[in-house]
Amino acid sequence: MNISMRWLSEYVELSGVSATEVARILTDRGLEIESTRSLSKGFEKVITVKILERNKHPGADKLSLCKVSTGSGEPLQIVCGAQNMKAGDIVALAQIGAVIPNGLKIQESKIRGEVSFGMLCSEEELMMADEAEGILILPPDTKLGQPLADVLGRNDTILELKITPNRGDCLSMIGVAREVASALGKKVLKPQVTELDFKGAKISTKLDAGDQSLQFFGCEIEGVKVGPSPDWLKQKLESMGSRSINNVVDCTNYLMFETGQPVHAYDASKLKGTELSIRLGRSGEKLPLLDNTEVVLRDSDLVIADAERSVALAGAMGGGNSEVTDSTTKLYLECAEFHAVTVRKSAHGHDKKTDAATRFEKGIDSANLGYAISRLKDLIIKAAGGKVTGSTKTIHPRHPRLTSKKQIVFSPEYIREFLGVTTSDAEIRKTLTSLEIEVDTNKPLWVAVPPSYRNDLSIKEDLAEEIARTIGFDQIPATIPPLSSVPSGVEPKLIERAKDILVNQGLNETLTYAFNSRSWLTQFGLDSGIKIQNPLSEEQEVMVPSLIPGLMKHHIENENKTFGSDPLAVRLFEIRPVFTQKPGAEIRAVGETDTGTTETWKMAAVISGPRFASSMKVHQERVDFSDLKSVVESWFTALGTKGIRLRSWDSGRNLTHYSKIFHPGQTAEVWAGKDCVGLFGRIHPALAVKLKLAKDDVWLTEIDWNAVEKLSRSTLSGATFAPWAEFPTMERDFALVVNADLESDRLTGIALKAGKPLAKVAKIFDVYKGKPIAEGKMSIAVRVIFADPTRSLAEAEVEKASQMIRDGWKKELGIELRS
Amino acid sequence: MSDLIGKLNSLEGEVLAQIAAAKSSDALEQIRVSVLGKKGSLSEVLRGLGSVDAAERPKIGAVSNQVKAKVEEALSRAKETLGSAEINAKIAKEKIDITLPARSLHLGSLHPVTQTVRKITHILGKIGFDLTTGPEIETDFMNFEAVNIPKDHPARDMQDTFFVGPGVVLRTQTSPVQMRAMREQKAPIRILCPGAVYRADNDATHSPMFHQIEGLWVDKGVRFSDLKGTLQFFAQELFGSDVKIRLRPSYFPFVEPGCEVDVSCFKCGGRDEKCSICKGTGWLEILGAGMVHPRLFEVAGYNPNEVSGFAFGLGIERIAMLLHHIPDLRLMFQGDVRFLKQFL
Ligand SMILES: [Zn+2]
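Residues numbered from 1 in each chain as written. Chains lettered and ligands numbered in written order. Predicted model: local features only at pLDDT ≥ 70, side-chain atom pairs only at ≥ 80, totals over all residues. Heavy atoms only, no water.

When helices and strands are counted, chain A shows 20 helices and 37 strands. With the C-alpha coordinates aligned to their principal axes, the bounding extent of chain A is approximately 125 × 85 × 60 Å. The proportion of buried residues among the 819 residues of chain A is 50%. For chain A, restricting intrachain contacts to residue pairs at least 6 apart in sequence, the fraction spanning at least 24 positions comes to 69%. A total of about 38,000 Å² of accessible surface is found on chain A, and carbon and sulfur atoms cover 50% of it. (Helix = DSSP H or I, 4+ residues; strand = E, 2+ residues; numbered from the N terminus. Buried < 20%, exposed > 50% of the residue type's maximum accessible area, 1.4 Å probe, protein only. Contact = heavy atoms within 4.5 Å. Areas by Shrake-Rupley, 256 points an atom, 1.4 Å probe, with all protein chains shown as cover.)

The following block contains the structure:
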């Protein structure tokens, strides 16, 4: 909503109060200022001049050489390219030094050899119109040498307000004036009107939509002359950012901006019959509107209808079938009140979110219709002539706000305690009264009755806000509330530790969108059952069931960027929820909280590129499975996660929905208890091709965080001390030649079992394939550490245990030692 | 006898000369073994002692000890000199170029959104807030109706909502988490709810997904002034002890009174008309807040006549952009490692 300072000053005395001051007052009272703009900006050195002579430019056919007079002093020579002016015209001259609204700086210049002491301006250059043919020609009686801003009535500042949905009353000049007046301790100057008598109407009004039609005031005027609006009207509408249409329509808009009450003028000669009613639309009925569109009505829409058809979409827009045109002489003025939600649904349903609909939606002043239509009648007679031939009104007998006044019971003590202030009873009463809130203070509990235009005031907290914003939020003390229970502390949650551990492994946390395109998910063999009904784009169509597609998008975007000649390392992770449909459920609200969806938090990561962040060629080995395994294992170790087991991925059996993402031969399953909770391994080579990756050694993991969380230490201090061996350990190394596809943890597992109780640790420390080892075989070296926490070991008993281990390998795997 | 002493003396002379001429620690060690060892030349000389008068023996023994001591002293002095020369030579040979690039490990980093959430929760944790989270797909009831935004209310236009099914939306705010918390526990309640929220809006300053953190404090006798004090504490901890806050009355359906909160520009303090942070206004809008609307207490099963409370919500990306001078919101969601690696 735009507020013209000049216009505002008609409703509250503002002499000596600057626009900046008004802006501050409104901000402090809760009306946000989006911008402040001076209409005379750029007009500072633009004045009115008369063209004395217009001659041809000697050096250019299309240019003229004008002599202009500012009314005093020597005439000035101006070079001008326009063709629409002649000697005697009064025009606008941008003088040397002016910076006109389109940004052009005016300097003394020579154009094709002729000096020009300024520029004659067009409306386009002054940003008064989108385009202009030729320069601005002013009326012949315009005084010379005057600032153009004065002549055009542009000495004004426009405050652009952002009105919150609760303050529909401030969508009007008078509403804003009330706020300013209350702050300045002044009175609102509401224009005087000659009130209509609501008699003698030829057309009667009828409320025919139950509780959705609340009031209908009508007024008939004959003998109007429709035409362009007078300047006072035009200028005000322009200051509101509204285009002038004709004097009658402009008056209806003027009235709406002034009072907040939307009204409509019909060409009375186009209305059929002798009754206008507010009724519900007839399903399928067509209604042509003023914006040259046609809507097909629904039975939930509210319309104004004559004897034969709908003539307006109630509260939103008038009908094209009863439009006021240049030939109109008889007017019918409608001033009505409709149910706010019905107007909102109609306006939104038909995409007619007009200024009028906005005001109805946010609530109008139910007690002001008589004033508004009387004022409208005065404005129209002033701007377009004519005289009233009759008027009428119909009010719903059980109008919710007019039949009973809202009462708010409260105590001044409550206000003080709730706000934490010491404002006195007298001040509280005075503040409420200044806002036209009636207060009965005769009993211990006070009773407040808000004015009819304040639909937002209904509970005692609302009154507290009125007090707070009037005394000023800056006057409220700042206190820290006392603790009435022991705080649970600020120890970081486990998920934060989980992130820190990954950061310590050299991974960068990223954030991917929770939605992605269905086609992108398809590349990964994934689908989503959760579709956004109104996506902004196809890219953001469905909720993701896995974090990997989003992470891979980031991976690829990095690949496509320039990082010089260094090979690119991408090491990204994320811990966020993924979204799936509950099995067998539909996505719809059931009860208050069930959505038919499940959110599972996942940890996902992608690593690729060089193992070290070094530019030295010798260090540029690329990460492989072992690096990824280290990331995952260290993560579990540092989280203190218990009961995690790793297995080779059986891609036909476990987590099969990942079968297009992970390489079946280079991927591990992660088991937590009885559940397979995630995978880590190489990207599937086919996916790498599909995604056009530069290299296919990209390593991925996705693990169910909810499952991991349950098995992890909940706090840092949860670790318990374990003593280490005090007695010396003994080691034995074994070299074996085994089938190349043997999983090494079988060897260590058997060693620990067979070497019990002395064998404490068994680990692989070398693997070799190639000559002289036979094809299909590998040489593998196992180290076993023997210990007894209570004593030193003897050679013989270690030798015995070692033999048990060799026997175990032979028995279970048929393996003979190499040496 | 004199013969033996003479031999000892000449041995001493020879050995000292050898020591003086030795060029390495190894050579000295060889001399030590050849002279003082079991089969060394000193033992050799002393083997002649058997043929000497018993009365003469102590004298010869004394001379022999003197020779031994002299040799040992000369050896150790020479060893020291030679040793340090050798170490110096080794040091000189082993000099490396420390300016060569390191075999560096990759450094990980937390996303600025996470870092900002941590900063905020750390600050507010100090005065008693705890963390809680809730689902991102919500019912219309929890996201809107339960927090006093009924169907067909103009306040619904304040947020462009993504719908995923009948009565199911992507939450537009973290307020439903408040409501869930109040339904699960009795007052006093002091919680922070960080998380992703969604609005159908996408341009340089709006992302369809972004993060909010919402604070809620409900207890007996909580005042509007407590909200102001809490926010002032928060702003000063986050932006510096000299910043001021400004509360402007505003409207959010779930609070009454409601306000928008500005913090004075921590960069220029309002003294720079061309300030890149505050654009010369001196103020930065950082959050929305207010006293919990009694309607929410009713929905939560609290008695609005017994408890009161305040709530506030802020956009995390906005705070992160201010704190880290990030020029464009979109950088947050692009995963560009050149961006991510800056926030170590
Ligand atoms: Zn600044």
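All names here are of chain A. Spatial ordering of the open sheet is given by β23-β25-β24, a layout of three strands whose pairing is antiparallel. Either end of the sheet is taken by a strand with one partner, and the two such strands are β23 (408–410) and β24 (438–440). The average angle at which neighbouring strand axes cross in this sheet is 25°, direction not considered. As paired strands, β23 and strand β25 (residues 446–449) are joined by three bridges and run antiparallel to one another. Bridged to I408 within β25 is A448. Where helix α12 (residues 460–471) meets the sheet, its contacts fall on β23 and β25, and the angle it forms with β23 comes to roughly 75°. (Pairing = 2+ DSSP bridges. Axes fitted to C-alpha atoms, helices over the stretch in contact; angles between N-to-C directions.)

Moving on to helix α5 (residues 231–239) of chain A. Residue and element names in this part refer to chain A. Burial in α5 covers these residues: L233, K236, L237 and S239. Down the axis of α5, the smallest arc covering the buried residues is 160°, so these residues share one side. Buried residues along α5 sit against β1 (2–4), α1 (5–8), β11 (157–162), α6 (247–259) and α9 (369–384). Directly after α5, the chain includes G241, whose backbone phi takes a positive value near 80°. (Arc of directions from axis to C-beta.)

Bringing the pattern of salt bridges into the picture now. Residue and element names in this part refer to chain A. Counted according to the given criterion, the structure contains 69 salt bridges over all chains. Note that D306 is salt-bridged to R309, the shortest N-O span being 3.2 Å. As a salt-bridge pair, E413 and R416 come within 3.1 Å of each other at their nearest N and O atoms. Of this pair, E413 and R416 both sit in helix α10 (residues 412–419), three residues apart, roughly one helical turn. Looking at R416, the relative accessible area reads 16%, which means it is buried. Bridged by salt links that share partners, the residues R29, R167, D169, E179, R454, D456, E466 and R469 form one connected network. (Salt bridge = Lys/Arg side-chain N within 4 Å of Asp/Glu carboxyl O.)

Partitioning chain B into domains gives domain 1 (2–93) and domain 2 (112–340). Each of domain 1 of chain B and domain 2 of chain B has a C-alpha centre, and the two are 88 Å apart. (Domains from an automatic or database assignment.)

Phi is mostly negative for residues that are not glycine, and the peptide bonds are mostly trans. For the peptide bond that leads from K756 of chain A to P757 of chain A, omega is 0°, which places it in the cis range. The residue P757 of chain A is located in the loop between α19 (744–754) and β36 (759–768) in this model. Positive phi, close to 55°, is recorded for F198 of chain A, a residue that is not glycine. Residue class for F198 of chain A comes out buried when judged on its relative accessible area of 15%. Positive phi outside glycine occurs at H325 of chain B, with the angle close to 55°.

Residues M552 of chain A together with F312 of chain B are the most contacted members of the largest nonpolar core, which totals 118 residues. Element by element, the count of residues in this core is highest for helix α8 (residues 224–239) of chain B, at seven residues. Excluding anything up to four places from it in sequence, F312 of chain B contacts L124, F129, L192, I213, E214, G215, L227, L231, L287, G288 and A289 of chain B. By size, the runner-up hydrophobic cluster in this structure holds 87 residues, among which are I33, L255, A265 and M317 of chain A. (Core = buried A, V, L, I, M, F, W, Y, C linked by side-chain atoms within 4.5 Å.)

Attention now goes to the interface of chain B and chain A. At the interface, 98 residues of chain B touch 98 residues of chain A. A buried area of about 7,900 Å², summed over both sides, lies between chain B and chain A, and 60% of it is on carbon and sulfur atoms. Among the residues chain B hides against chain A, the three largest losses belong to H106, D152 and P249 of chain B. Together they make up 9% of the total. Counting every contact that joins chain B to chain A gives six salt bridges. Per-class residue counts for the side of chain B that touches chain A are 45 nonpolar, 29 polar and 24 charged. (Buried area = accessible area lost by both parts, 1.4 Å probe. Nonpolar A, V, L, I, M, F, W, Y, C, P; charged D, E, K, R; others polar.)

Residue and element names in this part refer to chain B. Protein coordination at the zinc ion comes from C265 (SG), C268 (SG), C275 (SG) and C278 (SG), with a distance range of 2.2 to 2.3 Å. Metal-centred angles of 105 to 112° between the four donor atoms at the zinc ion mark the site as tetrahedral. Along the chain, the residues donating to the zinc ion fall in the pattern C-x2-C-x6-C-x2-C. One end of the pair, C265, is in the loop between β8 (255–264) and β9 (283–292); the other, C275, is in the loop between β8 and β9, and ten residues separate them in sequence. By relative accessible area, C275 is classed as buried at 3%. (Donors = N, O, S within 2.8 Å, 3.2 Å for Na, K, Ca; no water. Tetrahedral: all angles 85-135°; square planar, octahedral: opposite > 155°, others 65-115°.)

Moving on, we come to the environment of V68 of chain A. All names here are of chain A. With respect to the element layout, V68 can be found in strand β4 (residues 60–69). According to the relative accessible area criterion, V68 is buried, its value standing at 0%. Remark: the alpha-carbon pair of V68 and V12, spanning 56 residues in sequence, is separated by 42 Å.

Moving on, we get to the sheet that holds strand β14 (residues 263–267) of chain A. Residue and element names in this part refer to chain A. If you trace the four strands from one edge of the open sheet to the other, you get β14-β21-β13-β22, paired in antiparallel fashion. Of all strands in the sheet, those bounded by a partner on one side alone are β14 and β22 (387–395). On average, each strand axis in the sheet is inclined to that of its neighbour by 20°, with strand direction left out of account. Note: β14 against strand β21 (residues 330–338), five bridges, orientation antiparallel. Pairing of H264 across the sheet is with E334, part of β21. The strands touched by α6 within the sheet are β14 and β21, with β14 carrying the most contacts at an inclination of about 165°.

Along the polypeptide, E465 of chain A turns up in helix α12. One buried charge, E465 of chain A, has no salt-bridge partner; the nearest side chain with opposite charge is R469 of chain A, at 5.8 Å. With near-sequence residues (within four places) excluded, E465 of chain A lies in contact with S250, E256, P257 and G258 of chain B. (Lys, Arg positive; Asp, Glu negative; His and termini not counted.)

Spanning twelve residues, helix α15 (residues 548–559) of chain A covers 16 Å between terminal C-alpha atoms, matching the ideal 16 Å at 1.5 Å per step. Within α15 of chain A the residues assigned to the buried category are I548, P549, G550, L551, M552, H554, H555, I556 and N558 of chain A. (Expected span 1.5 Å × (residues − 1).)

This brings us to the packing of α10 of chain A against α12 of chain A. Residue and element names in this part refer to chain A. Relative orientation of the contacting elements α10 and α12 amounts to 70°, with a least axis distance of 10 Å. One finds that α10 runs roughly perpendicular with respect to α12. As for the relative orientation of α10 and α12, their crossing is right-handed in sense. On the side of α10, the interface is formed by Y414, I415, F418 and L419, while α12 contributes K460, E461, L463, A464, I467 and A468. Taken together, the residues of the contact of α10 with α12 sort by class into eight nonpolar, no polar and two charged. (Parallel < 35°, antiparallel > 145°, perpendicular 65-115°, else oblique. Left-handed = near helix turned anticlockwise from the far one by under 90°.)

Note on interface size: it is often stated as the accessible area lost on association of the parts. For chain A, the assigned domains are domain 1 (2–39 + 157–184), domain 2 (46–151), domain 3 (204–395), domain 4 (409–441 + 458–475), domain 5 (494–711) and domain 6 (730–813). With centres defined by C-alpha atoms, the gap from domain 1 of chain A to domain 6 of chain A works out at 87 Å.

Let us look at the environment of G309 of chain B. Residue and element names in this part refer to chain B. You can see G309 is positioned in strand β10 (residues 308–315). Here G309 falls in the buried class, since its relative accessible area comes to 1%. Note: C-alpha distance between G309 and I189 (120 residues apart in sequence) is 9.0 Å. With near-sequence residues (within four places) excluded, G309 lies in contact with W217, V218, V222, G290, M291, V292 and F297.

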